[in-house]
Amino acid sequence: MATLDQKSPNVLLQNLCCKITGKSEADVALQFQYAVRVIGSNYAPTIERDEFLVSEKIKKELLKQRREADAALFSELHRKLQTQGVLKHRWSILYLLLSLCEDPRKPSNRVPVCSYGALLAQGLPRDVHSTTFYYARPQSLPLSYPERSATAHNSSMATSGIGSMGAFTINGPGPTPPSLLTGPGPQAVGESMRGSHLAWTLPVSSSPSGAAAAPRPPSGPSSSPAPRLPQRPRRDGDGSAEIGEAALVRDILYVFQGIDGKFIKMCSPENCYKIDSKVPLCKSLRDTSSRLAELGWLHNKIRKYTDSHSLDRAFGLVGQSFCAALHQELKEYYRLLSVLHAQLQVEDDQGVNMSVDNSLTLKRLLVWTYDPKIRLKTLAALVDYCQGRKGGELASAVHAYEKTGDPHMRALIQHILGLVSNPILNFLYRWIYDGELEDTYHEFFVASDPAVKTDRLWHDKYSLRKSMIPSFITMDQARKVLLIGKSINFLHQVCHDRTPPGKIMPASKSTDSPKDAVLFTDLEGAFQSKIDAAYFETSKYLLDVLNKNYQLLEHLQAMRRYLLLGQGDFIRHLMDLLKPELVRAATTLYQHNLTGILETAVRATNAQFDSPEILKRLDVRLLEVSPGDTGWDVFSLDYHVEGPIATVFTRECMSHYLRVFNFLWRAKRMEYILTDIWKGQMCNSKLLKSMPELSGVLHQCHLLASEMVHFIHQMQYYVTFEVLECSWDELWNKVLQAQDLDHIIAAHDVFLDTIISRCLLDVNNRSLLNQLRAVFDQIIEFQNAQDTLYRSALEELQLRIQFEDKKRQREEMGEWGVTAEQEAEENRRVQEFKDTIPKMCSQLRLLTHFYQGIVQEFLRLLMTCSDESLQFLSFRLDFNEHYKARDPRLRPSLGATRGRRSSNI
């Protein structure tokens, strides 16, 4: 070693052979030739090609043997070697030294130093972690040896016809051929190879055509000539006119690894391996070689995919599992290549003593690689289909390839799918049992938005990433998975419930076993049972917490009673108390005064028996004031919601409640106004009997008031019973049957949407709402007109009564009741009042005309609605066809509508 830099590599190698075997230079010619071939070969062990790592291993080995001085000397010599350019392959030399320096007394999986043949096979892949290669024997292939019965039962690709050679076992190198240890011996070779036949015998396409003598290293004059062995044809071509099959076999084995051979090279434009057209070769060998070379192209495609994604962290855990599955399949493929290389090496070592029936041929390679080629084709197609995919989308792509009629390929895809699904299964178990979501690379189908605040956790924080839902998981299952983890986080963060998840539902540990991942694809089996159990337990616990600790159902009923005017006595009394305040201008109102009136109304009605938790949330709210608004236009009740119940009663929902309340409040006010109008008519009708000139105008008032009362009563019936009560009953039944919080939220949203639509508050019914508001305005105008009429009539009546009283008093005093002047003044005043009556009548007629026109337009719009409940409302509003007789436009529409109704019946 001290003079390593002063000798040529050949001399060093020859000296090593002599020292190890204990023979002279002339006697180690064959061993020297073999050593040169090993060092110059392209074979490499599986350890990393790092010169520094190999040197460190050598030093560690020396230190283990307590040879510190030798380790220091080796380090110094290695440093000097690095400064000189004598050796081009220092890593190979160091690795050879590492193999030689192993302690022979230590049990190891390395072969003995004397087993030169094992040096090549030592670094080949040995570990088996992949699925079994199922080898299907072609039906046309006959069996002709007794060994077939044994090999036919072995379905592994690596042992189908190759493991019986006796040269190398499936788990590593076997004993070195005797010819490499003790020199050539035909009888010894024959004994060692006896029984090492192929599993199936195929005719050899080309037989050996000559032998070449083994080269001899230079020796001194006193050395005796080394014995010569007849050799097989050279496998790299001998310059003859036509390339032999042996050379093609060597090239094919290189191509199987993705390495260009001497005659078969990668053609970049066509993206395939091709034989140079200038190479002299028969058509059959060229075709067979091309078919075999396709295996190398498939290997390159898969290897390129794994190499480009294995170190890409953005590819995610699912992608890394997919690459690991492909690596396992490639390892199994490499095991086959290792056995083929070993057989090729044995043939090179045995020379012509190797039986032709046991040699590697293109046709035998074609048979042995038939099943691996199908597997690699499947994997290559799968790789193409999975390009650009990751996470659940990648699992869906793998699952799509499971639908095949070939049971072996289906088993392969199922194995890969199990490995790929395993990270998703771990994601899922942590989510449904702990509520934790650690999805760094966005692979899971549940997405989280960290920017969302706690009050919007249920609605916005978690969502389904639909592109990442595996195809073997249904949308219903994905929704349940989302709800389970969302419920756990809602309990912890919003409800502040510290109950451990293990007490909410039986915990299940996540697993790293692909067998459990297979359950992932069993939609009706164990996976479905786990999801259902976690879903029902978590959702039931969450609803119990909301109902018991936060009175969700009680708050829902409070919305119905107060904001939807369900508490009739309270609403009526509140209107009576608020009337003096609300008739004033909106700018003169004070919220604290109205709040005091609200509390008074609560104490005076059955509302006082409600829970204090509900009553403290009831409040007064003043809307934005517009010019000319009165208190009736801006007053509204409000209900404060916070905490977990705000998840159901969101801001959008409360705005809907506010709109419905304003509509119902205004309709209730119209009923209140018409009640006052009816009271005024009943009270004043007897008083004004003494004024017969008012009979016509009062009769007109009664008719118009009756029309308005009928309209408002029908509208109130429709809103109260057909809209609110029916929708509320449907909502309550759905809430009691709800299995999760989403069901309650969805039912509540449908309830609000229904009453918004049927109360004419949506965009589609805006024209109807405008007409209805116009009707309400006409009712207010009528109230003002009637109040003016009664005020003037009562003033005139009071003056007439006073005149008669004065007249009677004077007659009792013995004087004339009235003078001519007083009587003339009285007659003039009475005549002036009578002159105002036609004006009042015309005003009422005009008001009636406007009112009836608005109602007729409202009816016409109702009959054109798609909602049948609104169409039926038009029938009730014009039950006696009063408006139909006045407006011809209503006649065909009403007839057509009734025709449709009768046909439906």
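All values reported here derive from a predicted model rather than from experimental measurement.

## Observations concerning the overall build of the protein
Here comes step 1: When helices and strands are counted, the protein shows 34 helices and eight strands.
Here comes step 2: Among the 905 residues that make up the protein, the fraction classed as buried is 47%.
Here comes step 3: Partitioning the intrachain contacts of the protein with sequence separation of at least 6 by distance along the chain shows that 73% fall at a separation of at least 24.
Here comes step 4: Per element, the accessible surface of the protein, about 44,700 Å² overall, is 53% carbon and sulfur.

## Things to note about the environment of L724
Here comes step 1: Tracing the chain through its elements places L724 in helix α28 (residues 695-737).
Here comes step 2: Taking relative accessible area as the criterion, L724 reaches 3% and is therefore assigned buried.
Here comes step 3: Sequence separation between L724 and L752 is 28 residues, and the spatial gap between their C-alpha atoms is 9.8 Å.
Here comes step 4: With residues up to four places along the chain from it excluded, the contact list for L724 reads R560, L564, L664, V719, F751 and I755.

## Quick notes on the confidence of the model for the protein
Here comes step 1: When pLDDT is averaged across the protein, the result is 78; 77% of the residues are at 70 or more.
Here comes step 2: Between the elements of the protein, mean pLDDT differs from a low of 32, seen in strand β1 (residues 168-169), to a high of 96, seen in helix α22 (residues 552-563).
Here comes step 3: Throughout residues 107-241 the model reports pLDDT below 50, and contacts reaching past four residues in sequence, or to other chains, amount to 245 contacts.

## Points about the packing of helix α18 (residues 475-493) against helix α29 (residues 741-758)
Here comes step 1: Two elements in contact, α18 and α29, have axes whose closest approach is 10 Å; the angle formed by their N-to-C orientations is 100°. As judged from the angle between their axes, α18 and α29 are roughly perpendicular. Contacts from R479, L483, K486 and F490 in α18 reach L741, D742 and H743 in α29.
Here comes step 2: Classifying every residue of the contact of α18 with α29 by side-chain character gives three nonpolar, one polar and three charged.

## Quick look at the packing of aromatic side chains
Here comes step 1: All told, the structure shown has 19 aromatic pairs when counted by the stated rule.
Here comes step 2: Considering the side-chain rings of Y305 and F315, the 6.1 Å spacing of their centres and the 80° angle between planes classify their relative orientation as edge-to-face. Note that Y305 is positioned in helix α11 (residues 283-310) and F315 in the loop between α11 and α12 (316-350), a separation of 10 residues in sequence. The exposure classification of Y305 matches that of F315, with both residues buried.

## Thoughts on the side chain of S727
Here comes step 1: Mapped onto the secondary structure, S727 falls in helix α28.
Here comes step 2: Note on S727: relative accessible area 7%, which makes it buried.
Here comes step 3: Contacts of S727, omitting those with residues within four sequence positions, involve F751, T754 and I755.

## Side note on unusual backbone geometry
Here comes step 1: If you check the backbone angles, L565 has positive phi at about 60° while not being a glycine.
Here comes step 2: Relative to the assigned elements, L565 resides in the loop between α22 and α23 (568-582).

## Here we look at the pattern of salt bridges
Here comes step 1: Applying the stated criterion across every chain yields a total of 40 salt bridges.
Here comes step 2: As a salt-bridge pair, R829 and E826 come within 2.2 Å of each other at their nearest N and O atoms. With R829 and E826 both in helix α31 (residues 820-863), this residue pair falls three residues apart, about one helical turn.
Here comes step 3: R829 sits in the buried class, given a relative accessible area of 18%.
Here comes step 4: For the salt bridge of R828 with E832, the shortest nitrogen-to-oxygen distance reads 2.8 Å. Here R828 pairs with E832, and both are found in helix α31, just four residues apart, close to one helical turn.
Here comes step 5: For E832, a relative accessible area of 42% gives the class partly exposed.

## Quick look at the pairing of strand β3 (residues 264-267)
Here comes step 1: Bridge count for β3 against strand β4 (residues 272-275) is four bridges, and the pairing is antiparallel. Within β4, the residue paired with K265 across the bridge is K274.
Here comes step 2: The turn joining β3 and β4, which pair antiparallel and follow one another in sequence, is formed by four residues; a positive phi near 55° is taken by N271.

## A closer look at the environment of M266
Here comes step 1: Residue placement: M266 occurs in strand β3.
Here comes step 2: Judged by its relative accessible area of 26%, M266 is partly exposed.
Here comes step 3: Separated by 10 residues in sequence, M266 and D276 place their C-alpha atoms 10.0 Å apart.

## As for α12
Here comes step 1: Relative to the 51 Å expected for 35 residues at 1.5 Å per residue, α12 spans 50 Å between its end C-alpha atoms, a close match to the ideal helical length.
Here comes step 2: With 29 of its 35 residues buried, α12 lies for the most part within the structure.

## Observations regarding empty space enclosed by the protein
Here comes step 1: Evaluation of the coordinates by the stated rule reveals five cavities of 30 Å³ or more.
Here comes step 2: Estimated volume of the second largest cavity: approximately 50 Å³.
Here comes step 3: Within the residue set of the lining of the second largest cavity, elements represented by two or more residues are α27 (651-687), α28 and α30 (766-812).
Here comes step 4: Per element, the largest residue contribution to the lining of the second largest cavity is four residues, and it comes from α28.

## Some remarks on the packing of α27 against α28
Here comes step 1: The N-to-C vectors of α27 and α28 enclose an angle of 145°; their axes lie 10 Å apart at closest approach. The two elements α27 and α28 meet at a crossing, and its hand is left-handed. In contact with F663, L664, A667, K668, M670, E671, L674, I677 and Q681 of α27, α28 contributes C701, H702, A705, M708, V709, I712, Q716, V719 and L724.
Here comes step 2: Taken together, the residues of the contact of α27 with α28 break down into 13 nonpolar, three polar and two charged.

## Some remarks on the side chain of R800
Here comes step 1: By the secondary structure assignment, R800 is in helix α30.
Here comes step 2: Under the relative-accessibility criterion, R800 is labelled buried at 16%.
Here comes step 3: Aside from chain neighbours lying at most four places away, what touches R800 is S690, M691, E693, E826, R829, V830, F833 and K834.

## Quick word on the environment of V255
Here comes step 1: With respect to the element layout, V255 can be found in helix α10 (residues 245-256).
Here comes step 2: When near neighbours in sequence (up to four residues on either side) are disregarded, V255 contacts G261, I264, Y273, A293 and G296.

## A closer look at the state of the cysteines
Think of a disulfide as a covalent bridge from one cysteine sulfur atom to another cysteine sulfur atom.
Here comes step 1: By the definition in use, this model includes zero disulfides.
Here comes step 2: The cysteine C841 is free of any disulfide, with C701 supplying the nearest cysteine sulfur at 8.3 Å.

Quick notes on the rules
Residues numbered from 1 in each chain as written. Predicted model: local features only at pLDDT ≥ 70, side-chain atom pairs only at ≥ 80, totals over all residues. Heavy atoms only, no water. Helix = DSSP H or I, 4+ residues; strand = E, 2+ residues; numbered from the N terminus. Buried < 20%, exposed > 50% of the residue type's maximum accessible area, 1.4 Å probe, protein only. Contact = heavy atoms within 4.5 Å. Areas by Shrake-Rupley, 256 points an atom, 1.4 Å probe, with all protein chains shown as cover. pLDDT = per-residue confidence, 0-100. Axes fitted to C-alpha atoms, helices over the stretch in contact; angles between N-to-C directions. Parallel < 35°, antiparallel > 145°, perpendicular 65-115°, else oblique. Nonpolar A, V, L, I, M, F, W, Y, C, P; charged D, E, K, R; others polar. Phe/Tyr/Trp six-rings, centres within 6.5 Å; stacked < 30°, edge-to-face > 60°. Salt bridge = Lys/Arg side-chain N within 4 Å of Asp/Glu carboxyl O. Pairing = 2+ DSSP bridges. Expected span 1.5 Å × (residues − 1). 1 Å grid on protein atoms, 1.4 Å probe; cavity = no way out; pocket = protein on both sides within 12 Å on 5 of 7 lines; lining within 4 Å. Points joined across faces, edges and corners; volume = space filled by probe spheres on them. Left-handed = near helix turned anticlockwise from the far one by under 90°. Disulfide = S-S within 2.5 Å.

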